[in-house]
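# Inside the fold
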Amino acid sequence: ASVSIEGEPPVLARPATAVTVSGVQLSWMPRDSWVRYVSSAVGPNDGVVPGGGATGVESTVSPCPDRPSSSSASLVYTVNFPARESWYDPLSGEAGIYGSGNIAFRWAAHGINLTAAAPEIEIDGASSRAIFRFSGSGGTPYPNQRVALESLEAAGRPTVSNEGKTLTYSLMRGRLTADGEKVFAGFYTAPGDNEF
């Protein structure tokens, strides 16, 4: 089996008035029930595995829970990605935040081998979204290509601090796009079960 998405999403155009930003911190908190599921695998190289400079932050609860659990296991609920050159446009409020590194979700016995890499966060009002380069095999086949994985809830953000020099877009809820649902083999579907 294979999954095909027609083309890749366009990159958000950088306005002429945009400025390059520094001190970028980019974190993803994938759906906590998904993290618990994949982390229950016991084979070698199974679980939630950061790579390429990305780092996992273990905790007993997700900072952005979707399906809270009574489990006290310490799991990788947060992934921090190294930043690439990113920009912000003070006139429109648009931003392109780019990262490197990857995170793999693996459970060999269940056919799960899916890797998300090189995140792109587009801040563009109601059109804000997260794009990743995905590749997968086994029961999670996906070609090595960029996909608009999630729409992001950007309303009420950012918070501004440091005399206007620091913008924080914290805990933006994500919902899988139609293409994003294909990445996860249709297990998480809209409208009620696509928070990720």
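Reference entry: report on the structure contained in this document. (Residues numbered from 1 in each chain as written. Predicted model: local features only at pLDDT ≥ 70, side-chain atom pairs only at ≥ 80, totals over all residues. Heavy atoms only, no water.)

In this section: the side chain of aspartate 46. The residue aspartate 46 is located in the loop between helix H1 (32–39) and strand S3 (47–51) in this model. Within the buried core, aspartate 46 has no salt-bridge partner, and the shortest N-O distance to an opposite charge, that of arginine 106, equals 7.0 Å. Engagement of the side chain of aspartate 46 in a polar contact is seen with the backbone nitrogen of glycine 43, the distance being 2.9 Å. From its side chain, aspartate 46 meets the backbone nitrogen of alanine 108 in a polar contact 3.0 Å long. When near neighbours in sequence (up to four residues on either side) are disregarded, aspartate 46 contacts Ala41, Arg106, Trp107 and Ala108. (Helix = DSSP H or I, 4+ residues; strand = E, 2+ residues; numbered from the N terminus. Buried < 20%, exposed > 50% of the residue type's maximum accessible area, 1.4 Å probe, protein only. Lys, Arg positive; Asp, Glu negative; His and termini not counted. Salt bridge = Lys/Arg side-chain N within 4 Å of Asp/Glu carboxyl O. Polar contact = N/O pair within 3.5 Å; in protein donor to acceptor, adjacent residues only side chain to side chain. Contact = heavy atoms within 4.5 Å.)

Most of H1 sits out of view: 6 of its 8 residues are buried. What H1 keeps buried is the set Asp32, Ser33, Trp34, Val35, Arg36 and Val38. Where H1 is buried, its residues meet S3, strand S5 (75–81), strand S8 (102–107) and strand S9 (112–123).

Here the focus is the pattern of salt bridges. Any two side chains of opposite charge can pair if their charged atoms end up close together. Going through the model one piece at a time under the given rule, you end up with 13 salt bridges. The salt bridge involving arginine 31 is made with aspartate 66; its shortest N-O contact spans 3.6 Å. One end of the pair, arginine 31, is in the loop between strand S2 (26–28) and H1; the other, aspartate 66, is in the loop between strand S4 (55–59) and S5, and 35 residues separate them in sequence. Neither residue differs from the other here; arginine 31 and aspartate 66 are each classed as buried. The partner of glutamate 195 in a salt bridge is arginine 173, and the shortest N-O contact between them spans 4.0 Å. One end of the pair, glutamate 195, is in the segment after helix H2 (178–183); the other, arginine 173, is in the loop between strand S13 (166–168) and strand S14 (174–176), and 22 residues separate them in sequence. A single salt-bridge network, built from bridges that share partners, covers Glu8, Glu120, Arg133 and Arg146.

Another aspect to go through is the pairing of S5. When you tally the buried positions in S5, you get 6 out of 7 residues, the bulk of the element. Pairing between S4 and S5: 5 bridges, direction antiparallel. Note on S5: the bridge partner recorded for threonine 55 is asparagine 80. (Pairing = 2+ DSSP bridges.)

This part is about the sheet that holds S5. The strand order across the open sheet formed by 3 strands is S2-S5-S4, and the pairing between neighbours is antiparallel. The open sheet has two free edges, formed respectively by S2 and S4, since each of these has just one partner strand. Averaged over neighbouring strand pairs, the angle between their axes works out to 30° when direction is ignored. (Axes fitted to C-alpha atoms, helices over the stretch in contact; angles between N-to-C directions.)

Within the largest apolar cluster, 38 residues are counted, with the highest numbers of intra-cluster contacts made by Trp28, Phe134 and Phe184. Those elements giving two or more residues to this core turn out to be S2, H1, S5, strand S7 (95–98), S8, S9, strand S10 (129–138) and strand S11 (142–152). Phenylalanine 134 has contacts with Leu114, Thr115, Ala116, Tyr142, Pro143, Asn144, Gln145, Val147, Leu149 and Val183, leaving out every residue within four places of it along the chain. (Core = buried A, V, L, I, M, F, W, Y, C linked by side-chain atoms within 4.5 Å.)

Here the focus is the environment of threonine 140. Residue placement: threonine 140 occurs in the loop between S10 and S11. With 26 residues separating them along the chain, threonine 140 and leucine 114 place their C-alpha atoms 6.3 Å apart. Non-local contacts of threonine 140, meaning those with residues more than four positions away in its chain, are made with Gly111, Ile112, Asn113 and Leu114. Separated by 3.0 Å, the side chain of threonine 140 and the backbone nitrogen of asparagine 113 make a polar contact. A distance of 3.0 Å separates a polar side-chain atom of threonine 140 from the backbone oxygen of serine 137.

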